[in-house]
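# An overview of the molecular structure
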Amino acid sequence: MVVEKAAASPPVPVGDRRPQKQEPLGRKKKIRQQVTDGFTVKALMKNSVVRGPPLAGAFKERPTKPTAFRKFYERGDFPIALEHDTKGNKIAWKVEIEKLDYHYYLPLFFDGLCEMTFPCEFFARQGIHDMLEHGGNKILPVIPQLIIPIKNALSLRNRQVLCITLKVLQHLVVSADMVGEALVPYYRQILPVLNIFKNMNVNSGDGIDYSQQKRENIGDLIQETLEAFERCGGETAYINIKYMIPTYQSCILN
């Protein structure tokens, strides 16, 4: 019996490549993209996507720090108490406001502008308005001591603190003679934050913005404050405001 040998497969020539499967014309090969930082070697590569710059954080709120006002209040050093009235809460002063040492107490109350919780927030805000109302000639010599607390309060960039501080500044410039002019050299410490938030108005369309009625619209409050600075700041007030806030338009010259 003769066994037939299996036919051997033909030898494959050297360099022969079988055709590979080709994808349909409608499909595109997915390209993996890598996200890189700008101004690097990877940013020049073909499949790289440059990551955008980070947010500057101009409107971001800053964390609060413990204030001297809270420390003195918890220790009981202030001659004040909370009095409940039919119209709301008010401060019951244990001594006459006119007899207070403004060099000591007024900067401490301005330091409390950074507070955002009751009762410290209420005592600081209402205490400032009461002292400015009865201060008279005692306010002007204390102005240099008030600049750092005002700057610290504005630097928090908190919407509630901004509104309260702006209303206090409006009351401060009309509280006594020459106070508005005494604030002019300190515009460089006060106005930079106002320049950031000057155009922050609520675009409510055809709706009703109740913050205007409550005087909580930051853009409107800043405009009112700048106009009060110009009216009470003397001849050089507008030039200094314009230097720090170029978009401000005079309310007197126009």
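Further up the page is the structure itself.
Let me begin by describing the structure that accompanies this report. (Residues numbered from 1 in each chain as written. Predicted model: local features only at pLDDT ≥ 70, side-chain atom pairs only at ≥ 80, totals over all residues. Heavy atoms only, no water.)

### Topic: unusual backbone geometry
What counts is decided by this rule: Put simply, DSSP H or I for four residues or longer makes a helix, DSSP E for two residues or longer makes a strand, and each gets a number counted from the N terminus.
Note that the residue after Phe118, namely Pro119, is joined by a cis bond; omega there is 5 degrees. On the secondary structure map, Pro119 appears in the loop between helix H2 (102-111) and helix H3 (120-135). The phi dihedral of Arg157 falls on the positive side, at around 60 degrees, and the residue is not glycine. Secondary-structure assignment places Arg157 in the loop between helix H4 (143-155) and helix H5 (159-173). Although it is not a glycine, Met178 adopts a positive phi angle of roughly 70 degrees.

### Some words on the side chain of Glu121
Note the threshold: Only protein chains enter the accessibility calculation, which uses a 1.4 Å probe; a residue is then buried when its area is under 20% of its type maximum, exposed when over 50%, and partly exposed in between. Throughout this description, a polar contact denotes any pair of N or O atoms lying within 3.5 Å of each other; where both atoms belong to protein, one of them has to be capable of donating a hydrogen while the other can accept it, and for residues adjacent in sequence the pair is counted only when both atoms sit in side chains. Residue contacts follow a heavy-atom distance rule, with two residues in contact if any of their heavy atoms lie within 4.5 Å.
By the element assignment, Glu121 lies in helix H3. The buried category is assigned to Glu121, whose relative accessible area is 13%. Engagement of the side chain of Glu121 in a polar contact is seen with the side chain of Arg125, the distance being 3.0 Å. Among all residues touching Glu121, those that are not within four sequence positions of it are Glu115, Met116, Gln160 and Ile164.

### Side note on the packing of aromatic side chains
Our working rule: A pair of aromatic rings is counted whenever rings of Phe, Tyr or Trp (Trp by its six-membered ring) have centres within 6.5 Å, and the orientation is called stacked for planes under 30 degrees apart, edge-to-face for over 60 and tilted otherwise.
By the definition in use, this model includes 14 aromatic pairs. Judged by centre distance (6.1 Å) and plane angle (35 degrees), the ring pair of Phe118 and Phe122 falls under tilted. Judged by its relative accessible area of 52%, Phe118 falls in the exposed class. Overall, the relative accessible area of 7% leaves Phe122 in the buried class. An angle of 55 degrees between the planes, with centres 5.8 Å apart, marks the rings of Phe122 and Phe123 as tilted.

### What to know about the packing of H4 against helix H7 (residues 187-197)
As a reminder of what qualifies: Lines fitted to C-alpha atoms define the axes here, with helix axes fitted over just the stretch in contact, and angles between the N-to-C directions of these axes take values from 0 to 180 degrees. Working definition: roughly parallel below 35 degrees, roughly antiparallel above 145 degrees, roughly perpendicular at 65 to 115 degrees, and oblique for all remaining angles. Helix crossings get a hand from a simple test, with the near helix turned counterclockwise from the far one by less than a right angle marking a left-handed crossing and a clockwise turn marking a right-handed one. Throughout, the ten residues Ala, Val, Leu, Ile, Met, Phe, Trp, Tyr, Cys and Pro are labelled nonpolar, Asp, Glu, Lys and Arg are labelled charged, and all others, Gly among them, are labelled polar.
Between H4 and H7, the least distance of the axes is 9 Å, while the angle of their chain directions is 15 degrees. In terms of orientation, H4 and H7 fall into the roughly parallel class. Pair H4 / H7 crosses with left-handed handedness. Two secondary-structure elements touch here, H4 through Ile147, Ile150, Lys151, Leu154 and Ser155 and H7 through Gln189, Ile190, Val193 and Leu194. Across the contact of H4 with H7, the residue classes break down as six nonpolar, two polar and one charged.

### Topic: the pairing of strand S3 (residues 80-85)
Let me state the cut-off plainly: Pairing between strands requires that DSSP locate at least two bridges from one strand to the other.
Pairing of S3 with strand S4 (residues 88-93), which is carried by six bridges, proceeds in the antiparallel orientation. By the bridge assignment, Ile80 is partnered in S4 with Trp93. Linking S3 back to S4 in an antiparallel pair, the connection comprises two residues.

### Some words on the pattern of salt bridges
Condition: In what follows, salt bridge is the name for a side-chain nitrogen of Lys or Arg lying within 4 Å of a carboxyl oxygen of Asp or Glu.
Taken as a whole and judged by the stated rule, the model has seven salt bridges. Note that Arg70 is salt-bridged to Glu74, the shortest N-O span being 3.7 Å. Separated by four residues within a single helix, Arg70 and Glu74 lie in helix H1 (residues 68-75), roughly one turn from each other. Given the relative accessible area of 58%, Glu74 is considered exposed.

### A few points about the layout of surface pockets
The following threshold applies: Of the two site types, the cavity is a set of points on a 1 Å grid over the protein atoms alone where a 1.4 Å probe fits but cannot get out, and the pocket is an open set with protein on both sides within 12 Å along at least five of seven lines, each lined by residues with an atom within 4 Å of a point. Grid points are joined across faces, edges and corners, and a volume is the space filled by probe spheres set on the points.
Of the volumes computed, that of the largest pocket is approximately 230 Å³. Lining the largest pocket are Arg62, Pro63, Thr64, Lys65, Pro66, Thr67, Asp111, Cys114, Asn152, Ser155 and Leu156. Looking at side-chain class alone, the lining of the largest pocket contains four nonpolar, four polar and three charged residues.

### Focus: the state of the cysteines
Rules: A pair of cysteine sulfur atoms is labelled a disulfide when the two atoms are within 2.5 Å.
Per the stated rule, a full pass over the model turns up zero disulfides. Looking at the unpaired Cys232, the closest cysteine sulfur is the one in Cys251, lying at 9.7 Å.

### Digging into the environment of Leu183
Counting through the fold element by element, Leu183 comes out in the loop between helix H6 (179-182) and H7. Owing to a relative accessible area of 1%, Leu183 belongs among the buried residues under this scheme. Considering only alpha carbons, one finds Leu183 and Gly233, 50 residues apart in sequence, at a separation of 7.4 Å. Once you skip the residues sitting within four places of it in the chain, Leu183 turns out to touch Ile143, Ile147, Leu172, Val173, Ile190 and Phe229.

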